[in-house]
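# Architecture and fold: a report
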Amino acid sequence: MKLKVKIFFVLFLLLTFLLSCNKSTDYKKDGKIKIKLTTWFIYNMKEWEGAIKEFERTHPQIEVEIENVVYSMHVQKLLTSSAAKVPIADLIILEDWFATEMLERDYFIDLKDKIYNDLDTSLIFLKPIEDYKNSKGEIIAFPNFLISSVLFYNKDIFDNAKLSYPDSTWTYDDFLQAAKKLTRDKEGDGIIDEWGVQLNYSPFLDVLLYAFGGGVLSQDRKRPMIDKPESIEAIKFFVDLYKVHKVAPVPNPAAMSNTVAFLSGKFAMAIISNYVTKFKSVNFRWDYTYPPKGKAGRVSIRNSIGFGIPKTSKNKEAAWIFLKWLIESLPPQYSTMAEGIMPNNKKLATSKYFLEGEPICNRKILPDLQENYSINYTRTSFAELKDYGFQSAIERAISGKYTIEEAAKRGNKNIEEVLKRSGE
Amino acid sequence: MHKMKYKISTYIKNFLLYSFLIILAIIMIAPFIWMISTSLKETGAIFTLPPEIIPSNISLNNYKEIFERIPFLNFTKNSIIITISASIGQVVSCSLAAYAFARMKFKGSKVLYYILLSTMMIPSQVTIIPTFIIMNKLGLVDTHLALILPACLGGAFGTFLLRQFFSSIPKDLEDAAKIDGCGSLRIFYHIFLIQSKPVLATLFIFAFMFYWNDLLSPVIFLSSLDKMTLTVGLASIQGINYDRFDLMMAGSFLSMIPILILFVFAQKFFIKSIVSTGLKE
């Protein structure tokens, strides 16, 4: 009996301790409406906090709490909370490639009317908004920050080779010729010390596919395009950079490592996304410019980071007020708050603060790239479509297991399978 | 002469064996050394070629910065609360379930046991949504209880481990206790738990390591910054396209310390348990 009492006592203590853990956050405090915003820009937290302070000063009735989420696990958290219809915040950060998984889930409110009636649309880049549109025509998020793929180049390597820097007149022929001259075995030991190009599947291969007149998906994003002759030509150009011209080492399958590779200072050129925070502390001179022109013109792959308001949020209006402020009234000094990518506001994108923000680079090309050359083909099951769909096939072409034509055919078939599986 | 030959061959064997073990040890310890080395480097020095194992400029800035960048102490406190509570819950609940499966005869016990074992094959990602819905219905989302409560409801691995150990305890001991008038709970406590200290310690270490390193559940169930755990804090240092490896390594090293301490103190039990489970039956 004594033992039973002891066990009961221990369990009681344990339960008391457990129940003493705090309950969830109170969303209203001191009569103010408290909204919660999620971001993943931990290295720009000072800018975000500064901007929020500014917002709260002009909107004293709303208090904004910011939560930094784990980027790599955000999709899983979002999918879980959408399945359970639980709000994790009032404004949830999204990126276009996984926002597509949320399009038909009825989790976010439709922002279409708010965007087209409540915002000054002459101020914003409208194309990326389409990337968040579902089959009912609803827009589930507003793309606040726009990413472009640009041609990064290492000025030191160009100067040492006495070559002029790439510019807006370049074609892929110029790109190839320069890459050949820039690939050097400086010590003569048979090991390449500086490569002309850093090959990558995302976004470089995508850029090539569309610039050569082919593509991954048709314009309505419903049919694969990988086995079209133009796409095959683009894949051949990509594979030949490694296999025939030997101006690039084998591409790393992980997209995240592209910038890291270029940062090593061993590559003269790379077509990658225009995140620049990492470049603040590199020990070589660099800049970026327009991607070269292909047969079908110039192409830059567009991506974006936006915010959506979940239907289950208790403070949808307050969340919209903050989002609208972030889009239209963000003070220019905070315009680099998203790792240096461009805010979706033409005034901010051309402001002195953004153009001259650290690290200094050719940001003035970004509005033109977004407006005139940007392409996006994200859609439901995008990650699967990209990795399994065609990247795996092209990897086999790189390793010599497939010919270019076989890789294209296999890629097309894989994409068809993914499209069929995702039910669209 | 033979003795001499034998000695030489033993020396050679030992030399080869130790050389092999030393190489293996170096391979095993290299990432750990690299982690400490990176944590002591300046941001720009990580990618220098050739790589430096001992940094030319040793700096403790990363350790300082990690405390500024995230509420490290608060995250550590949360991790400790969750890990210790969940590990205790796991050991208590698994030992009770294991005792029932090992010693109590009831209808369908075998079937139940196999059903429980089969849950080991279901990845946690599959059950996370139903668990999330349950926790939400209980109003426990964004509380530490959402992470602790499931641990207190038993686990297949822990139950399996303890059941195997309990099955090896002689039935005579139990019978003797029964003759002395002990009930089931007293037998469980005085015979089974007391005899099973090493294996209980092993389960505690396993559970501790699992809950300490768990990233998925805290990310899913917790939302408020003040409730986050250390793993979430460290993972959040990873920007979307900007990784501060130096900072992450400093944080990872600090977060490893409790596990190292626990292992050093419980090593005796751990080894004893492995040895005893290896000898049994």
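Residues numbered from 1 in each chain as written. Chains lettered and ligands numbered in written order. Predicted model: local features only at pLDDT ≥ 70, side-chain atom pairs only at ≥ 80, totals over all residues. Heavy atoms only, no water.

Next up on the list: the nonpolar core. Residue and element names in this part refer to chain A. Within the largest apolar cluster, 60 residues are counted, with the highest numbers of intra-cluster contacts made by Trp 48 and Phe 322. Of the residues forming this core, the biggest block, eight residues, is contributed by helix α11 (residues 316-328). Residue contacts for Trp 48: discarding those within four places in its chain leaves Leu 37, Thr 39, Phe 41, Ile 66, Phe 145, Phe 307, Leu 326 and Met 337. Leu 176, Leu 208, Phe 382 and Leu 385 belong to the second-largest nonpolar core, a separate cluster that totals 52 residues. (Core = buried A, V, L, I, M, F, W, Y, C linked by side-chain atoms within 4.5 Å. Buried < 20%, exposed > 50% of the residue type's maximum accessible area, 1.4 Å probe, protein only. Helix = DSSP H or I, 4+ residues; strand = E, 2+ residues; numbered from the N terminus. Contact = heavy atoms within 4.5 Å.)

All names here are of chain A. The domain architecture assigned to chain A consists of domain 1 (29-147 + 303-375) and domain 2 (148-301 + 377-421). Taking only C-alpha atoms into account, the centre of domain 1 sits 29 Å from that of domain 2. The partner domain 2 presents 29 residues to the 27 residues of domain 1 that form the contact. With both sides pooled, the region where domain 1 packs onto domain 2 buries about 2,600 Å², and carbon together with sulfur makes up 60% of that total. By the criterion of area lost to domain 2, the three top residues of domain 1 are Ile 147, Tyr 373 and Ile 375, representing 23% of everything that side buries. Linking domain 1 with domain 2 are one salt bridge, by the criterion used here. The partner of Arg 221 in a salt bridge is Asp 131, and the shortest N-O contact between them spans 3.1 Å. (Domains from an automatic or database assignment. Buried area = accessible area lost by both parts, 1.4 Å probe. Salt bridge = Lys/Arg side-chain N within 4 Å of Asp/Glu carboxyl O.)

With that settled, the discussion passes to the side chain of Lys 114 of chain A. All names here are of chain A. Counting through the fold element by element, Lys 114 comes out in helix α5 (residues 112-118). Of the polar contacts made by the side chain of Lys 114, one reaches the side chain of Glu 317; its length is 2.9 Å. Look past the residues within four positions of Lys 114 in its chain and what remains in contact with it is Ile 109, Leu 119, Glu 317 and Trp 320. (Polar contact = N/O pair within 3.5 Å; in protein donor to acceptor, adjacent residues only side chain to side chain.)

Taken together, Arg 396, Lys 401, Arg 410 and Lys 413 of chain A make up a surface patch of like positive charges. In this fold, Arg 410 of chain A is placed in helix α16 (residues 404-421). (Patch = residues over 30% accessible without salt bridge, like charges linked within 9 Å, V, L, I, M, F, W, Y side chains within 5 Å. Areas by Shrake-Rupley, 256 points an atom, 1.4 Å probe, with all protein chains shown as cover. Lys, Arg positive; Asp, Glu negative; His and termini not counted. Charge placed at Lys NZ, Arg CZ, Asp CG, Glu CD.)

Residues and elements named next belong to chain A. The two faces of strand β4 (residues 92-95) match: Ile 92 and Leu 94 on one face and Ile 93 and Glu 95 on the other face are all buried. Bridging between β4 and strand β11 (residues 300-308) involves four bridges; their strand directions are antiparallel. Bridge pairing in β11 places Ile 93 opposite Phe 307. (Pairing = 2+ DSSP bridges.)

To continue, consider the confidence of the model for chain A. A residue-level look at chain A finds 92% of positions with pLDDT of 70 or above and a mean pLDDT of 89. Considering only residues more than four positions removed or in separate chains, one finds that residues 22-27 of chain A, a stretch of pLDDT under 50, has 24 contacts. (pLDDT = per-residue confidence, 0-100.)

The subject of this paragraph is the domain arrangement of chain B. Note on interface size: it is often stated as the accessible area lost on association of the parts. Residue and element names in this part refer to chain B. Annotation of chain B at the domain level lists domain 1 (2-45) and domain 2 (64-277). Between domain 1 and domain 2, the C-alpha centre-to-centre distance is 33 Å. With eight residues of domain 1 at the interface, the matching set in domain 2 holds nine residues. Here domain 1 and domain 2 share an interface that buries about 650 Å² over both sides, 80% of which is from carbon and sulfur atoms.

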